[in-house]
Amino acid sequence: MGDNAEVTLLDFWPSPFGMRVRIALAEKGIKYEYREEDLKNKSDLLLQMNPVHKKIPVLIHNGKPVAESLIAVQYIDEVWKDKAPLLPSDPYQRAQANFWADFVDKKIFELGRKIWATKGEEQEAAKQGFIESLKLLEGELGEKLFFGGENLGYVDVALVPFYSWFYAYEVCGNFSIEAECPKLIEWAKRCLAKESVFNSLPDHKKVYGFMLELKKRFGIE
């Protein structure tokens with residue numbers, strides 16, 4: 001089913017959600033067409049393929065759309081299951097992986113956004129919550145090389161894209177993530193040593209520049 005497939009990814013370069021799908025496709029060695037979306041002027045294809053949320057990323061496989069990044073990563077893992085498995089086969093371990101990926105969506109994304117989008121007490125609370133959440137993730141990582149064990153797994157793919165935003169969070173929030181969570185930064189660097197991750201994540205200074213544009217657009221000084 002996976003071979004000779006037509007695969008397209010509708011994406012936007014600074015999106016950590018899009019990066020997840022890029023990493024999963026790279027881990028599986030799948031050739032695909034990358035289409036950069038202008039989110040201020042969404043393409044007809046995006047609106048047609050994701051009419052419910054009208055958001056990127058959307059994976060299009062043989063004309064059929066799969067929306068929402070974690071669902072797309074699971075889909076990729078199931079369709080191209082012969083290479084680089086991302087989700088554990090054991091039902092309990094799979095449930096745990098789903099729990100932590102969901103945790104990343106609920107905590108890391110939301111708190112990260114508040115670090116650059118708020119000020120004062122609200123920002124301080126977001127920074128504190130962000131570090132606490134990363135420490136919980138460090139606890140889950142434990143002594144393993146990756147969340148997936150010896151190899152990159154589903155939780156690694158869910159979390160590592162946010163590493164490209166860490167610099168922007170740090171400059172905006174005036175704090176050091178590495179000082180608080182050194183083990184997690186070591187893990188992120190191990191992930192970045194993999195070509196699939198390195199080629200899927202944008203430069204952190206470029207992401208910071210994008211975030212400054214966002215602040216300007218939303219009138220946050």
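Structure shown above.
Source: prediction; values computed, not measured.

Q: Honestly, the environment of Phe218 in this entry has me stumped. Any pointers?
A: Considering the arrangement of structural elements, one finds Phe218 in the segment after helix H11 (204–217). Exposure remark for Phe218: the relative accessible area of 55% places this residue in the exposed category. Taking the C-alpha atoms as reference points, Phe218 and Ala67, 151 residues apart in sequence, are found 26 Å from one another.

Q: Would you explain unusual backbone geometry in this entry?
A: Backbone geometry follows two general trends: most residues other than glycine have a negative phi, and most peptide bonds adopt the trans configuration. Here the bond from Ile56 into Pro57 is cis, since omega is -5°, no more than 30 degrees from zero. Looking at the secondary structure, you find Pro57 in the loop between helix H2 (44–49) and strand E3 (58–61). One non-glycine residue, Lys54, lies in the positive phi region at around 55°. Among the structural elements, Lys54 can be located in the loop between H2 and E3. Looking at Lys54, the relative accessible area reads 38%, which means it is partly exposed. The phi dihedral of Ala84 is positive, around 45°, even though this residue is not glycine. Summarising the element assignment, Ala84 is placed in the loop between helix H3 (69–79) and helix H4 (91–117).

Q: What am I meant to see in the nonpolar core here?
A: Across soluble globular proteins, nonpolar side chains show a tendency to be buried alongside one another. Counting 72 residues, the largest nonpolar core has Phe130, Leu134, Leu137, Trp165, Tyr169 and Trp187 as the members making the most contacts within it. For this core, the leading source of residues is H4, giving nine residues.

Q: I'm lost on the sheet that holds strand E1 (residues 7–11) in this one. Help?
A: What holds strands together in a sheet is hydrogen bonding between their backbones, with the strands either parallel or antiparallel. Taken together, the four strands give an open sheet; going across it, the order is E2-E1-E3-E4, and neighbouring strands pair in mixed fashion. With one partner strand each, in any of the chains shown, strand E2 (33–36) and strand E4 (64–67) form the two edges of the open sheet. Along the sheet, successive strands turn relative to each other by an average axial angle of 20°, direction set aside. With four bridges connecting them, E1 and E3 associate as antiparallel partners. The partner of Val7 across the bridge, within E3, is His61. With respect to the sheet, helix H1 (residues 16–28) is in contact with E1, E2 and E3, its orientation differing from that of E1 by roughly 155°. Each of E3 and E4 touches H3; the most contacted strand, E4, lies at about 125° to it.

The rules we used
Residues numbered from 1 in each chain as written. Predicted model: local features only at pLDDT ≥ 70, side-chain atom pairs only at ≥ 80, totals over all residues. Heavy atoms only, no water. Helix = DSSP H or I, 4+ residues; strand = E, 2+ residues; numbered from the N terminus. Buried < 20%, exposed > 50% of the residue type's maximum accessible area, 1.4 Å probe, protein only. Core = buried A, V, L, I, M, F, W, Y, C linked by side-chain atoms within 4.5 Å. Pairing = 2+ DSSP bridges. Axes fitted to C-alpha atoms, helices over the stretch in contact; angles between N-to-C directions. Contact = heavy atoms within 4.5 Å.

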